[in-house]
Amino acid sequence: MAPASAVAAAAAAVHSLHVPPPKVPTPPLNSHQPNSDLLLKPKTLLQNHPLYTSTHKNISLQFKEKILCLEIMGVDSGKALSLNPTLHSATLHSIHSVISFLQTKGVHQKDLGRIFGMCPKILTSNIKADLIPVFNFLSDNLNVPESGFRRVINKCPRLLVSSVRDQLKPALIYLQRLGFKDMKSLAYQDPVLLVSSVEKTLIPKLKYLVSLGFSKEDAVNMVLRCPCIFTFSVENNFKPKFEYFEREMKGELEELKEFPQYFAFSLEKRIKPRHLEIVKHGVNVPLPLMLKSTDEEFSDLLKAK
């Protein structure tokens, strides 16, 4: 990605041209107006800008304009083009249309770099076929008001490249069957669960918890109490943490059933150091208190014991 100074200079160069933005559909009166800075289409006068001259001479002007557009937003153009090859043939007009549409939905200019950086496929999405159905899903199925769209999309940009029919609705139905009832919490806090594969991610995670000795009911209650469990890797999270809990801490399943948040703490930075201190002081501290306490509170706790 271009250095911050270069991006700022590029943005200034675009401003100095006073080039009118491309024509885009007029947004509804109650929507956010798109920021015109990002809708400015770079013109030939920008050929002398560093972001142009540093590229290969054989690269077309339109492609250079596309790179500049991405860099101004704070997107690593090389990474974006690599992750989304369709960008190579996408027109600036189509990219500007996507930007404009998202801004009418409340997404801010400052959000775009992170959103497109995390999921560059959004830049080549079809507004009518891909994007509009997602916002309708958020509104109709999760009761997210227009004022909440920005918060949800910033939390999980992948929503915008997920099929409502093939991914979002099946995941929502599965989660509701498990017992997820708070749609507001699901939308604002755990939207990543909606873009997770039911067959490849959600069901296997639940089955793994059952394989540890929990009943199906207990495993379901654990994910309802701590939904982020569904996002943890079996190999990199569950296994090493459970092995330490079972072998070194001599813990009981009942403790994890009551405090599934155990799996959300770092093994090396939190669990092991705290456990070793408890062993060193020869005290018995409940699992939640051991992990949730601040360093100062934990130190006081050891002294009090």
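Anything mentioned here points back to the structure above.
Fair warning: this is a prediction, and the values are worked out from it, not measured in the lab.

Here is what the cut-offs are and how they apply
Residues numbered from 1 in each chain as written. Predicted model: local features only at pLDDT ≥ 70, side-chain atom pairs only at ≥ 80, totals over all residues. Heavy atoms only, no water. Helix = DSSP H or I, 4+ residues; strand = E, 2+ residues; numbered from the N terminus. Buried < 20%, exposed > 50% of the residue type's maximum accessible area, 1.4 Å probe, protein only. Contact = heavy atoms within 4.5 Å. Areas by Shrake-Rupley, 256 points an atom, 1.4 Å probe, with all protein chains shown as cover. Arc of directions from axis to C-beta. Disulfide = S-S within 2.5 Å.

Caption draft 1: Inspection of the overall build of the chain at higher detail. Within the chain one finds 17 helices and zero strands. Counting every position in the chain, which comprises 305 residues, the buried fraction comes to 47%. A fraction of 64% describes how many contacts in the chain between residues 6 or more apart in sequence connect residues 24 or more apart. Accessible surface for the chain amounts to roughly 16,200 Å². Of this, 52% is attributable to carbon and sulfur atoms.

Caption draft 2: Structural view of unusual backbone geometry. In this model, N143 sits at a positive phi of 55°, which is unusual for a non-glycine residue. Secondary-structure assignment places N143 in the loop between α7 (127-142) and α8 (149-155). We classify N143 as exposed; its relative accessible area is 58%. For K250, which is not a glycine, the phi torsion comes out positive at approximately 55°. Residue position: K250 is located in the loop between α13 (234-248) and α14 (253-258).

Caption draft 3: View of helix α17 (residues 295-304). Taken together, the buried positions of α17 are F298, L301 and L302. Take α17 and look down its axis: the buried residues cluster within an arc of 95°, on one side only. Facing away from the buried side of α17 by over 90 degrees, the exposed positions are E296, K303 and A304. Those residues of α17 that are buried are in contact with α15 (267-281) and α16 (287-292).

Caption draft 4: Local environment of the state of the cysteines. Within the structure shown, the criterion is met by zero disulfides. With no disulfide of its own, C119 lies closest to C156 among cysteine sulfurs, the gap being 8.6 Å. Under the relative-accessibility criterion, C119 is labelled buried at 8%.

These values are about where atoms sit, not about what they do.
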